[in-house]
Amino acid sequence: MVGSPAPDKPVLFQDGKRLDGRALDELRPLKIVAGVLKEADGSAYVEWGGNKVICGVYGPRECIPKHDANPYKALMKCRYTMSPFASLEEHGRSGPNRRSTEISKVIREAFDTVVMTGEYPKTQIDIYVDVLQAEGGTRIAAIAAATVALANAGLPMTDMISGVAVGKADGQLVVDLGKSEDNFGESDMPIAFKHRSKEIVLMQMDGKLTAEELSANIDAAIEGAEKVYALQAEALRKSYNVSEQQEFRM
Amino acid sequence: MEKMILPGEIVWEREVNASGTYLHEGKTYATVMGMMREEKFIPLEMAYKPKAGDNVVGIVTEERRAGYSTDLNLPYNGMVPTRKVRIYLELGGMIYGKITFVDEVGNVDIGEVDKLPPGKIITVPPSKVPRIIGKKSSMLNQIREKSGCSIFVGNNGYIWIGTRGNVPLVLKTVRLIIDNAHTSGLTDVVAKYLEDNK
Amino acid sequence: MILMGEELRELVLQGIQREMLSNMLAQGKRLDEREKNDYRKVSVQKGVLTTAEGSALAQIGDSKVLCSVKFGEMTPFADRPTEGVFMVMAEFLPLASPVFEPGPPSPESIELARVVDRGIRSAEVIDTKSMFIEEGKVLAIFIDLYVMDHGGNLTDAAALAAAAALSDTKVPKVVDGKIVRGDYVGPLNIPDKPLTCTFIKVGDHLLLDPIREEERAAECQLTVGTVDGYVVCMQKSGAGSLKKSEVMECIDVALRKGNDLRDLI
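Definitions and cut-offs
- Residues numbered from 1 in each chain as written.
- Chains lettered and ligands numbered in written order.
- Predicted model: local features only at pLDDT ≥ 70, side-chain atom pairs only at ≥ 80, totals over all residues.
- Pairing = 2+ DSSP bridges.
- Helix = DSSP H or I, 4+ residues; strand = E, 2+ residues; numbered from the N terminus.
- Axes fitted to C-alpha atoms, helices over the stretch in contact; angles between N-to-C directions.
- Contact = placed C-beta atoms within 7 Å.
- Nonpolar A, V, L, I, M, F, W, Y, C, P; charged D, E, K, R; others polar.
- Buried ≥ 20, exposed ≤ 12 C-beta atoms within 10 Å, placed from the backbone.

Comments concerning the sheet that holds strand β11 (residues 108–116) of chain B
Strands in a sheet are paired, the pairing made by backbone hydrogen bonds, and the direction either parallel or antiparallel.
All names here are of chain B.
Phase 1: Read around the barrel, 5 strands follow the order β7-β8-β9-β11-β10 and close on themselves; strand pairing throughout is mixed. The sheet shows a mean angle of 50° between the axes of neighbouring strands, taken without regard to direction.
Phase 2: Note that strand β7 (residues 55–63) and strand β10 (residues 94–102) share 5 bridges and pair antiparallel. The partner of Gly 58 across the bridge, within β10, is Ile 95.

Encoded structure:
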């Protein structure tokens, strides 16, 4: 993340190109498929750079425990987890940890803003996101998947959510941070917007930036999120084309 | 000309009350995926909200003092009030009835209840039920006729199929309808399918 | 935390399905018109994860199981100080079915992991003796089964994913007692591919590869793990009982059908 550079920090920006050859505002390759799971009410699978994320949505369903139920609206619940094999390094532990608990919370809050929970009082809506493979920006990939899964489930939303991680690496403001930029850059900010109004529904920033740099970052993020939205829209449209429906492949 | 509309996208530049939409600052926006067909917005996928007048197929799960608690494939159970119904229902028994009342917190009362004999219950997305029934039950009737099966379709997404007749044909035809629900000319496609496969 | 609604519904549906299925079987038909010893559509995709040393996605009908094989370093067991270790863990993801809840592993998911483990261990396809690094340190192989969609018969999909993932696995280089990620010595040579064939019993009928609804209607279930020509593990689960003749019939089918599945890897 941020702090004093590690001894083996790679050069993140050189000759007008980033470490992986991308331009400053270029996204990594992004693929989204809607309706990949049979059992879930709605689902989506996202491959974003080296990230592979699967999302399944259930709801509205019975609220458990019953005493948590809200008489005016559905309770949004979100569970984001990383598989023990998601990182190239050590085999990790399965189950929630502090990081995944925080990410689950901010994702839930983002969707609480757009899902019309008032339509289904005393119920709950579950968003389950599992990161099968991680390469920086998993919560943003999770958001991209969850929006598509919710639309696939027919859960009413006032708007769709798209986001991107922006930051600064080797002095340059960049869009869609790759793993090394995430680990060794000067700032990292995943941010997600309601598509139509561009209002911010998720934002977590760390690093050290001036107000002008932050403002430029947010503008760049809005443009980046538009590109993500286009792919979310395409995924949803394709899910209705029976001839396009193929078997699930990773 | 058909156009697919996504949640949050504009449907009409003025305020219109339609299923699957919401009003905001003088305009109407989609809340779910839908298609614009001849000036009408047709939701393609919508989580079901029960309303009075809907026909439902249910499975009796519990006998309570107030009545029979019934599974309706919903997050909340339906209730068949005993004072309204003079038949005896068993646990696991299936019923076909009409929703008489839904309150603001989602409690559902069912009346005009018919007991269904043992049969198969399948679950379909409630948004596809109108297609399975068809205009004036035209689609449903041709499935009944060509399969020889007794079929009851609930708006709640439960379909009851009797044990006699070509049950696999019914299952495959329902699958065909669900996969092609948004296309036009479906009734003819299904008629041909039933003829070829009966 | 029990999902009262779902559990109750499952119990009620069980009764309905059993009667329905018995009626259809009496007419010689399964719910999806398969023959009693036919598998649904099976597909296997290897090398689906770049972060693991081996991986595969197996699909049987709508059931989908992802398997990851990763290497690590561990202290060996005290009684086998020069042998490597491997372990099989299964996670029934809550997104895979309305009846799966988040939380500690259920008895069903533990049973599945242990059955798949038993098949691999009995078939002796992983050469633990070649996994010694140095004193107090051996290679460990973590086999993770991630259930992503529950269409019935998760066991066979899981065993298939595991065998395919193992056949996809490359052994990483070990330098100065540490694993070098991304650098490989060569493929993990597995002499055979243990797979399972799972049957359910409904009345007098034995059906291979049950779908979800058939599982609900089943009195009990038998999983037979095989490699070519041998049975390597068996597990009876569920409350009912089996006759010896029924078990022998399943073994006979499993030895044949196991080879059909093996050809897909």
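Once you've had a look at it, read on.
Thoughts on the interface of chain A and chain B
Phase 1: Taken together, the contact between chain A and chain B spans 26 residues of the former and 22 residues of the latter.
Phase 2: Taken together, the elements giving at least two residues each to the side of chain A that touches chain B come down to β5 (51–62), α2 (138–152) and α4 (211–238) of chain A.
Phase 3: Within the side of chain A that touches chain B, the residues separate by chemical class into 14 nonpolar, 5 polar and 7 charged.

Notes on the interface of chain A and chain C
Phase 1: Every contact between the two is made by 30 residues of chain A and, on the other side, 35 residues of chain C.
Phase 2: Residue assignment for the side of chain A that touches chain C shows that the elements contributing at least two residues are β5 and β7 (123–133) of chain A.
Phase 3: Among the residues forming the side of chain A that touches chain C, the class breakdown is 14 nonpolar, 7 polar and 9 charged.

Here's the deal with the sheet that holds strand β3 (residues 21–24) of chain B
All names here are of chain B.
Phase 1: The antiparallel open sheet is built from 3 strands, whose spatial order is β2-β4-β3. Of all strands in the sheet, those with a lone pairing partner are β2 (10–12) and β3, marking the two edges. Neighbour-to-neighbour, the strand axes of this sheet turn through a mean angle of 45°, independent of strand direction.

A few points about the environment of Gly 165 of chain B
Phase 1: The topology assignment puts Gly 165 of chain B in the loop between β14 (158–162) and α3 (167–179).
Phase 2: Between the C-alpha atom of Gly 165 of chain B and that of Arg 144 of chain B, which follows or precedes it by 21 residues, the distance is 9.2 Å.

Re the environment of Lys 198 of chain B
All names here are of chain B.
Phase 1: The residue Lys 198 is located in the segment after α4 (186–197) in this model.
Phase 2: For Lys 198, a count of 12 C-beta atoms within 10 Å translates into the label exposed.
Phase 3: Put simply, Lys 198 and Asn 55 are 143 residues apart on the chain and 28 Å apart in space, counted from C-alpha to C-alpha.
Phase 4: Apart from residues no more than four positions distant in its own chain, Lys 198 is found in contact with Lys 146, Asn 166 and Leu 169.

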